[in-house]
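Chain residues, written in single-letter form:
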Amino acid sequence: IRTCAAANRVPPMPQALPIGRGEAVALNFRETAPQAARADLFLNADGSVNRERATRSLLSTAVPGSVAGLVQVQRRYGCLPLAAVMQPAIRLADQGFPVGAELARSLREAQPWLGADPTSRRLFYRAAPVLARHGASPPSMRPYRPGELLRQPELAASLRCIATEGEACFYRGRLATALAELMRRRGGLIREADLARYRAQWMRPLQTVFRGHPVLTMPPPSGGGATLLQLLNVLAPLDLAARGLNSAATIQPMVEAMNLAYRDRNRLLGDPDQVAMPLDQLLSARYAESQRRQLRSDRHRPAAELEAERSPAEGGTNTTHISVVDRDGGLVATTTTLNTAYGNGISVPGAGFLLNNEMDDF
């Protein structure tokens, strides 16, 4: 990334990885656990996992990092003022947009949990008054229909605050107060100190070379980056193209290599602030060769045979990724997730945004 960094007079970053005519950096703005969190937060008395508490309660909300991360990147590398960058999103939230068929369907399916939160119900559903025999009963709510205008003025006000004050609005200002008050009132864990303490972390990317091409990816606590590089290192010498696209001969070694890589991910990777990880070993050529020798061409080796830990839950479909390249050679790849659709379904009163349920992912 080189775009506008010089114009912004930012100092060189020690974590940066020189590449080409510029530098590559990673920014970890993943959520963090509030200080009051504990290991048995989602366990019932009998030791089983309470999925409702883990995914649909305020206890499932981790301290958000998106505001800090995106503002930091824009401040260091952006060419426009933050307010100008955010103006289209503010206008969209303020003026609204016609709901499409897919969003209408999604909100209809999410009504059992979004509708259970009074703030989310007001933000994402329309009042549908029902007349009772002896007068009007309290209004019920119905999902938006395709073509109806969805406006989010409270979200627009929150975005204006961030555009004016930067991340301070979210972590120490009006939005921090609103979020912490909701937590206190309804039994959540996040407090003002958790928000004020949050910092996005600049980190040195992981790197490998795959068939002459440099590959850069996120370091831990992201588990996907190291797993990807380990997988590429194992597959690099294999002539998969000669075996045919999507043929059994191609898919077999890929699946077996993934099997091994994900075993290591589940057992060895984690938060570098909490655990030591043998990254140098996992990404070494010697280890890749030892993994390659374990690939079976005649059968699939089940996870139990590899002593892999069982995954606690299936992967969701609610992680989004965007990759952007600009005309000056700047490249950005960003991944973000709420864990499940609409997070835990709970919105912050007066702020207009939903909360994540990432504690379930930790």
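1. Re unusual backbone geometry
A cis amide bond links P220 with the next residue in sequence, P221, at an omega value of 20°. Tracing the backbone through its elements, the reader meets P221 in the loop between β12 (213-217) and α10 (224-235). With a phi angle near 50°, R211 is a residue other than glycine that sits in the positive phi range. Following the sequence through the fold, R211 ends up in the loop between β11 (206-210) and β12.

2. Overview of the side chain of Q152
As for its placement among the helices and strands, Q152 is situated in the loop between β9 (149-150) and α6 (153-165). The class for Q152 is buried, based on a relative accessible area of 17%. Excluding anything up to four places from it in sequence, Q152 contacts A93, F97 and F124.

3. Considering the state of the cysteines
Summed over the entire model, instances satisfying the criterion amount to 1 disulfide. One disulfide in the model links C161 with C169; its S-S distance is 1.9 Å. Every disulfide takes its handedness from the sign of the S-S torsion; for C161 and C169 that torsion is 115°, giving right-handed. On the basis of relative accessible area, C161 is assigned to the buried category, the value being 10%. For C169, a relative accessible area of 0% translates into the label buried.

4. What about the environment of Q294?
With respect to the helices and strands, the residue Q294 is situated in the loop between α14 (285-292) and β13 (319-325). Along the chain, Q294 and V71 lie 223 residues apart, while their C-alpha atoms are 45 Å from each other. Residues contacting Q294, with those up to four places away along its chain left out, are L260, R263 and R301. A polar atom in the side chain of Q294 sits 3.4 Å from the side chain of R301.

Definitions and limits used
- Residues numbered from 1 in each chain as written.
- Predicted model: local features only at pLDDT ≥ 70, side-chain atom pairs only at ≥ 80, totals over all residues.
- Heavy atoms only, no water.
- Helix = DSSP H or I, 4+ residues; strand = E, 2+ residues; numbered from the N terminus.
- Buried < 20%, exposed > 50% of the residue type's maximum accessible area, 1.4 Å probe, protein only.
- Contact = heavy atoms within 4.5 Å.
- Disulfide = S-S within 2.5 Å.
- Polar contact = N/O pair within 3.5 Å; in protein donor to acceptor, adjacent residues only side chain to side chain.

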